[in-house]
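Letter by letter, the chains look like this.
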Amino acid sequence: MSRKDFDLDAVERHLCVEALELAGNIVDAAWRLGITRQAMKRRIKKHRIVWPRPAGRAPRADDEVGRGLSLAI
């Protein structure tokens, strides 16, 4: 395993993006992660996650969406 496998910020960002995509809104994404709406908004700002996604925008290479990590509910 490499150091990149243990990058906590990258994992946190990835989980936030996945939760937002699955939930479709901040409140439900926060619930999925077990955090408050305010905590979710802080993480969106911290990781510079673009939310809501602009309509019709093609995913960029640095987007975390669809990279295989799913949240068990």
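In this text, all values refer to a predicted model and were calculated from it rather than measured experimentally.

Definitions and cut-offs
Residues numbered from 1 in each chain as written. Predicted model: local features only at pLDDT ≥ 70, side-chain atom pairs only at ≥ 80, totals over all residues. Heavy atoms only, no water. Axes fitted to C-alpha atoms, helices over the stretch in contact; angles between N-to-C directions. Helix = DSSP H or I, 4+ residues; strand = E, 2+ residues; numbered from the N terminus. Parallel < 35°, antiparallel > 145°, perpendicular 65-115°, else oblique. Contact = heavy atoms within 4.5 Å. Nonpolar A, V, L, I, M, F, W, Y, C, P; charged D, E, K, R; others polar. Salt bridge = Lys/Arg side-chain N within 4 Å of Asp/Glu carboxyl O. Left-handed = near helix turned anticlockwise from the far one by under 90°.

A word on the packing of helix H2 (residues 26–33) against helix H3 (residues 37–46)
Orientation of H2 relative to H3, taken along the N-to-C sense of each, is 100°, at an axis distance of 8 Å. The orientation of H2 with respect to H3, classified from their angle, is roughly perpendicular. Two secondary-structure elements touch here, H2 through Ile26, Val27, Ala29, Ala30 and Leu33 and H3 through Arg37, Met40, Lys41 and Ile44. A class-by-class count of the residues in the contact of H2 with H3 yields seven nonpolar, no polar and two charged.

Some thoughts on the pattern of salt bridges
Side-chain pairing between opposite charges can occur once the charged atoms of the two side chains come close. Considering all chains together, one arrives at three salt bridges under this definition. We note a salt bridge from arginine 43 to glutamate 12, for which the minimum N-O separation is 3.0 Å. One end of the pair, arginine 43, is in helix H3; the other, glutamate 12, is in helix H1 (residues 8–23), and 31 residues separate them in sequence. The shortest N-O distance in the salt bridge between glutamate 12 and lysine 46 comes to 3.0 Å. Here the residue glutamate 12 occupies a position in helix H1, and lysine 46 occupies one in helix H3, the gap between them amounting to 34 residues. The structure contains a network of salt bridges with shared partners spanning Asp9, Glu12, Arg43 and Lys46.

Considering the packing of H1 against H3
Two elements in contact, H1 and H3, have axes whose closest approach is 10 Å; the angle formed by their N-to-C orientations is 120°. As the angle between them shows, H1 and H3 are arranged oblique. Crossing of H1 against H3: the hand is left-handed. Every residue of H3 that contacts H1 at Asp9, Glu12, Cys16 and Leu20 is listed here: Met40, Arg43, Ile44 and Lys46. Looking at side-chain class alone, the contact of H1 with H3 contains four nonpolar, no polar and four charged residues.

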